[in-house]
Amino acid sequence: MKVLVVGSNGQIGRHIMNLLKESKDHTGVAMVRKGEQAEAFREKGMEAIVADLENSVKDLAEVMKGYDAVIFTAGSGGHTGADKTLLIDLDGAVKTVEAAEKARVNRFIMVSAFQANNRENWNSKIKHYYAAKHYADRALMQSGLTYTIVRPGGLVNETGTGKVSAGEMTERATVPREDVAKTVVECLQEAHTYNRSFDLVSGDTPIEEALIRI
C-alpha cells in the first residue's frame, strides 16, 4: 500500500513513518505543513509532501490522488486553544475523510482518543477535545470508506512492548506511542479491523493477536 500519513510530524506520526520505512509491504509518505519538516523526512530517506489541513477539501483531495490508504494522526496539541482543536482535530479530520472519498482512497485509519465514543467517560477538563474526536470519528463511520478507529489510552514515551489490550473498555490506562504506531500499521491490512473502532492500552497480548480478538 502507498500510505499518506497525516500528522506525520507528531510523535505517533514519526513512529508510523519509521515503521513504514522499514516495511516490505507499504510505502509511507509524510504530509506536513512546513517545507523544513518535509526536508527533515527526506533527509532520512522518506517521502514527504507539504499540505495544510486548513486548506479546502478539493486541495486535499488533489494531494491524496494515487494513495491506497490514509492514516490520520494529526492534532492541534495541548498548547493551543479550543478554536484550533475544532479546526484541526474536528474539521481537519472531517475534511480529510471527505477528501479521501473524493480521491477514491478506500482505506482510512483514524487515531482518536480513549473512550471518545462514550460521552460519560470524557475528561471534564478537555471536553472540547473529546467532542472533536467523537464527531470526527462519527463522520468517518458514516462515510463510504473502509475505516479503523484506534482510541489509545494515556500516551507515554516508553519503549513499546508489542503487547496490548484492545477492545471496548472503561478503565483508563496508558500505552506507549510506539505500540500505538505498531497497531496502526498492523491494521492497514488486517481485515478483522475493517469498519471497527476500539480502545487501546498496554496489555499482555501480542498486537497481531489482539487485533484478531477485537
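Heads up: the structure comes first, above all this text.
These remarks concern the structure in this document. These numbers were taken from a predicted model, which means no experiment stands behind them.

Cut-offs used in this document
- Residues numbered from 1 in each chain as written.
- Predicted model: local features only at pLDDT ≥ 70, side-chain atom pairs only at ≥ 80, totals over all residues.
- Heavy atoms only, no water.
- Phe/Tyr/Trp six-rings, centres within 6.5 Å; stacked < 30°, edge-to-face > 60°.
- Buried < 20%, exposed > 50% of the residue type's maximum accessible area, 1.4 Å probe, protein only.
- Helix = DSSP H or I, 4+ residues; strand = E, 2+ residues; numbered from the N terminus.
- Polar contact = N/O pair within 3.5 Å; in protein donor to acceptor, adjacent residues only side chain to side chain.
- Expected span 1.5 Å × (residues − 1).
- Bend = angle between axes of the 7 residues up to and from the residue.
- Contact = heavy atoms within 4.5 Å.

1. Points about the packing of aromatic side chains
Part 1 of the argument: Counted under the stated rule, the structure contains 2 aromatic pairs.
Part 2 of the argument: A ring pair is formed by Trp122 and Tyr130, whose centres lie 6.3 Å apart and whose planes are at 25°; its orientation type is stacked. For the residue pair Trp122 and Tyr130, the accessibility class agrees, reading buried in each case.
Part 3 of the argument: Pairing Tyr129 with Tyr130 gives two aromatic rings, centres 5.5 Å apart and planes at 85°, and the pair type is edge-to-face.
Part 4 of the argument: Here Tyr129 falls in the partly exposed class, since its relative accessible area comes to 25%.
Part 5 of the argument: Judged by its relative accessible area of 6%, Tyr130 is buried.

2. Side note on the environment of Ser56
Part 1 of the argument: Looking at where Ser56 falls in the secondary structure, it is placed in the loop between β3 (47–50) and α3 (57–64).
Part 2 of the argument: In this structure the C-alpha to C-alpha distance between Ser56 and Lys95, which are 39 residues apart in sequence, comes to 7.6 Å.
Part 3 of the argument: Within the structure, Ser56 has its side chain in polar contact with the backbone nitrogen of Asp59 (distance 3.0 Å).

3. Let's talk about helix α4 (residues 82–102)
Part 1 of the argument: Its 21 residues place the ends of α4 28 Å apart at the C-alpha level, agreeing with the 30 Å of an ideal helix rising 1.5 Å per residue.
Part 2 of the argument: At Asp91, α4 is deflected by roughly 35°, the largest bend along its length.
Part 3 of the argument: Among all positions in α4, only Thr85, Ile88, Asp89, Gly92, Ala93, Val94, Lys95, Thr96, Val97, Ala99 and Ala100 are buried.
Part 4 of the argument: Looking at the packing, one finds that the buried side of α4 touches β1 (2–6), α3, β4 (69–72), β5 (107–111) and α5 (127–141).

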